[in-house]
Amino acid sequence: MRKLKNNLRYIKIYIGIGMAITTLLGILLYILINGLQHITFDFLFNVNAPRGQTLVPMIFTTVLIVLLTLAISAPIGIGSAIYLNEYAKTGAWFVKTIRMAIETLSGIPSIIYGLFGFLFYVIILRWTWSIMAGVFTVAIMVLPIIIRSSEEALKSVPNAYREGSYALGAGKFYTIWKTVLPSAVPGILASIILTIGRIVGETAALVLTAGTVAGMPSNLFDSSATLAVFMYTITVEGTDMDRAYATAVVLMALILFLNTFANFIGKKLKPQ
Amino acid sequence: MNKFQLKDVNLWYNDFHALKDINMDIKAKEITAFIGPSGCGKSTLIKSLNRMNDLIDGCKITGDFLLDGENIYGNLDINALRKRVGMVFQKPNPFPMSVFDNVAYAPRVHGIKSKFKLNEIVEKSLRDAAIWDELKDRLKKSAISLSGGQQQRLCIARALAAEPDVLLMDEPTSALDPISTAKIEELVIKLKKKYTIVIVTHNMQQAVRISDTTGFFLLGELIEYNNTEQLFSMPTDKRCEDYITGRFG
């Protein structure tokens, strides 16, 4: 009787796991089956193919926007996290204000960032629809994610490391740079990976700022679509679902690649 | 000769009066032990000798702490002070780096860049901490992979690499097994030839075995401070006698 009850529990757990995995695998397989057959050499690699017939510009734009956004928001975000966790006095009104701003910013839907970016960068600064406008919009949008998870990473560094360093006569900056930060690298990296996923998957904020042109940008003030934006536009137009699925496959492969790459860098940076 | 002179030292954590009117001289090149029950202020006092209490919010200190006649809470640079007064903590806390980088940490902080010089300091410090033979082939290995006793001796080597005058040890053996403890005690006795050592210990036998002078603390007061032999054989204060004979604490 007891054994039966025990087995029953296992079965329930397995059903739960099974459902989770089948849903995920189902979506993945569905996209792969619908998309893989439409991926051709031209679609992936031919730079000179007519607009919309090749993904090269979109892959390029996606990677460019990810890198530029991280170049802006990672230093600011990690820097803010260091300030909040290592320097700021908890409870000061200034710190409370910053925290409230971060909480609020992280809860705002991306379309609102898009609207802001459109009005400020595109209209007021006259950057027009451009990669720059997209980058600066998304950079603000991902800042709260980077700050909050980097702060968690810094919090998890044992205080004994800090004390040990101070006791050897090291100053605060040296201690943070040589001891605290290296120990926090894995956590900070996780926040970067999360951010990459967010940028690659972003549409609303980018449609309004970087635009939907499916061609190769000639400079940073050109309009160009990322993979996700391209997918969004061809899906909405409903003209070519095959290409939409094929783009989805490439998008997933790109995210996998970027995450693996980030992990690789993290392993290099991590203290043994 | 006195290394430290403490005059009318009082310390508060917010409203809690943790040290009350402490007056004591700590002799150079001797081992001074602080004993007493938990919460008596002995750890607090040792931490104020290298100003580690500065890291705690709401800590207020009055009185004079003279190191070689100079007030350490005066104009002395705090990092220069901590270079002169090294510290070993209760729980071994090597950094998550290689053995070499751990020991070379302090010299690098204080501006030594030459690889040759660093090699020299690392070897000397590890030898002084009696752990060179065990670790000489593992300098590149992570310090986290060492045993607890080795980690603690590595932390001693790391402190010695800063070339301090004084070594503060806050219950350095309380997290270690008896064999590691014995090794560290032996090492501490050897080190007093060159360094002034202040050690906080819960273990009275340890105080008897290694220290020259012992201070007994109770509720933030220094109750009795004397030659170790005398303090343990003929305590003058009733509370001290009760404590060392095991009637409380």
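Each chain carries its own residue numbering, running from 1 in the written order of its sequence. For this description, chains carry letters from A and ligands carry numbers from 1, given in the order in which they are written. Only residues with pLDDT of at least 70 are given local features in this predicted model, and only at 80 or more are side-chain atom pairs given and counted; all residues enter the totals for whole chains, interfaces and linings. With hydrogens and water excluded, all non-hydrogen atoms of the structure serve as input to the side-chain values.

## Examining a negative patch on the surface
Residues and elements named next belong to chain B. Together, D8, D21, D64 and E221 make up a negatively charged patch on the protein surface. Helix numbering and strand numbering both begin at the N terminus, where a helix is a DSSP run of H or I of at least 4 residues and a strand a DSSP run of E of at least 2. Along the chain, D64 falls in strand β4 (residues 59-67). Only protein chains enter the area calculation, which uses a 1.4 Å probe; residues under 20% of their type maximum are buried, those over 50% are exposed, and those in between are partly exposed. On the basis of relative accessibility, which here comes to 33%, the residue D64 falls in the partly exposed class. Each patch groups residues whose relative accessible area exceeds 30% and which form no salt bridge, using 9 Å between like charges and 5 Å between nonpolar side chains of Val, Leu, Ile, Met, Phe, Trp and Tyr. Areas reported as accessible are Shrake-Rupley estimates using a 1.4 Å probe. Residue values count occlusion only from the protein chains shown. For this analysis, a salt bridge means a side-chain nitrogen from Lys or Arg found within 4 Å of a carboxyl oxygen belonging to Asp or Glu. The positive count covers Lys and Arg only, the negative count covers Asp and Glu only, and His and the chain ends enter neither. Charge coordinates come from a single atom per side chain, which is NZ of Lys, CZ of Arg, CG of Asp or CD of Glu.

## Digging into the environment of I39(A)
All names here are of chain A. Within the secondary structure, I39 sits in the loop between α1 (2-36) and α2 (41-45). Among the residues examined, I39 registers a relative accessible area of 22% and is labelled partly exposed. Each C-alpha atom, one on I39 and one on T247, is 8.3 Å from the other, the two residues being 208 residues apart in sequence. Residue contacts follow a heavy-atom distance rule, with two residues in contact if any of their heavy atoms lie within 4.5 Å. Once you skip the residues sitting within four places of it in the chain, I39 turns out to touch L44, A246, V249 and V250.

## Comments concerning the sheet that holds strand β10 (residues 221-227) of chain B
Residue and element names in this part refer to chain B. Spatial ordering of the open sheet is given by β6-β7-β8-β3-β9-β10, a layout of six strands whose pairing is mixed. Pairing within the sheet leaves two strands with one partner each, and these edge strands are β6 (85-88) and β10. The sheet shows a mean angle of 15° between the axes of neighbouring strands, direction not considered. In this description, strands pair whenever DSSP reports at least two bridges between them. Note: strand β9 (residues 213-218) against β10, six bridges, orientation antiparallel. Following the sheet pairing, G215 is matched in β10 by Y225. Whenever a helix is involved, its axis is fitted only over the stretch in contact; in every case the axis is a line through C-alpha atoms, and angles between N-to-C directions fall within 0 to 180 degrees. Lying over the sheet, helix α7 (residues 148-160) contacts β6 and β7 (166-170), oriented at roughly 170° with respect to β6.

## Observations regarding the packing of aromatic side chains
Centre distance and the angle of the planes are the two values used to describe a pair of aromatic rings. The criterion for an aromatic pair is that two Phe, Tyr or Trp rings (for Trp, the six-membered ring) have centres within 6.5 Å, with stacked assigned to planes under 30 degrees apart, edge-to-face to planes over 60 apart and tilted to the rest. Taken as a whole, this structure holds 20 aromatic pairs over all chains when the rule is applied. Geometrically, the ring pair formed by F41(A) and F45(A) is tilted, given 5.3 Å between the ring centres and 45° between the ring planes. Placement of the pair is F41(A) and F45(A) together in helix α2, with a separation of four residues, close to one helical turn. By relative accessible area, F41(A) is classed as exposed at 62%. Between F216(B) and Y243(B), the aromatic rings sit 5.1 Å apart at their centres with planes inclined by 35°, giving tilted as the arrangement. Of this pair, F216(B) sits in strand β9 while Y243(B) sits in helix α11 (residues 238-244), placing them 27 residues apart in sequence. Each member of the pair, F216(B) together with Y243(B), is buried. Ring pairs connect the aromatic residues F116(A), F120(A), Y121(A), W127(A), F136(A) and F221(A), which therefore count as one cluster. Whether a charge sits over a ring depends on NZ of Lys or CZ of Arg being within 6 Å of the ring centre and within 35 degrees of the ring normal. Positioned above the aromatic ring of Y87(A) is the side chain of K172(A), whose terminal nitrogen or guanidinium carbon lies 5.0 Å from the ring centre.

## Remarks on the sheet that holds strand β2 (residues 16-27) of chain B
Residue and element names in this part refer to chain B. Strand order in the open sheet formed by four strands is β2-β1-β4-β5, with antiparallel pairing between adjacent strands. Each edge of the open sheet is held by one strand with a lone partner, namely β2 and β5 (70-71). Sheet analysis places β4 next to β5, joined by two bridges and oriented antiparallel. Within the sheet, the bridge partner assigned to L66 lies in β5 and is N71.

## Thoughts on the confidence of the model for chain B
Confidence of the prediction at every residue is given by pLDDT, a number between 0 and 100. Scored by pLDDT, chain B comes out at a mean of 91, with 100% of its residues at no less than 70. For this predicted complex, the interface confidence reaches an ipTM of 0.90, while the overall pTM sits at 0.83.

## Quick notes on the interface of chain B and chain A
Each side of the interface is counted separately: chain B has 25 residues, and chain A has 18 residues. Between chain B and chain A, the buried area comes to about 1700 Å², and carbon and sulfur atoms account for 61% of it. On inspection of chain B and its partner chain A, the count reaches zero salt bridges. The term polar contact refers here to a pair of N or O atoms within 3.5 Å; inside protein, the definition further demands a hydrogen-donor-capable atom paired with an acceptor-capable atom, and it admits residues adjacent in sequence only when both atoms are side-chain atoms. Across the contact surface, chain B and chain A share four residue pairs in polar contact (both at pLDDT 80 or more). Every element with two or more residues in the side of chain B that touches chain A is listed here: α2 (78-84), β6, α4 (105-109) and α7 of chain B. Considering every element that reaches the side of chain B that touches chain A, the biggest residue donor is α4(B), with four residues. Note on terms: buried area is the combined drop in 1.4 Å-probe accessible area of two parts once they are placed together, counting the loss on both.

## Brief notes about unusual backbone geometry
All names here are of chain B. Of note in the backbone geometry, K29 takes a positive phi value of approximately 50° without being a glycine. In this fold, K29 is placed in the loop between β2 and β3 (31-35). Positive phi, close to 45°, is recorded for E171, a residue that is not glycine. Within the secondary structure, E171 is located in the loop between β7 and α8 (178-191). Exposure remark for E171: the relative accessible area of 8% places this residue in the buried category.

## Quick look at a nonpolar patch on the surface
Residues and elements named next belong to chain A. Where nonpolar side chains cluster on the molecular surface, the patch consists of L115, F116, L119, F120, I123, I124 and L125 and spans about 640 Å² of accessible area. Inspection of the secondary structure assignment puts I124 in helix α5 (residues 110-124). Take I124: its relative accessible area is 59%, and that puts it in the exposed class.

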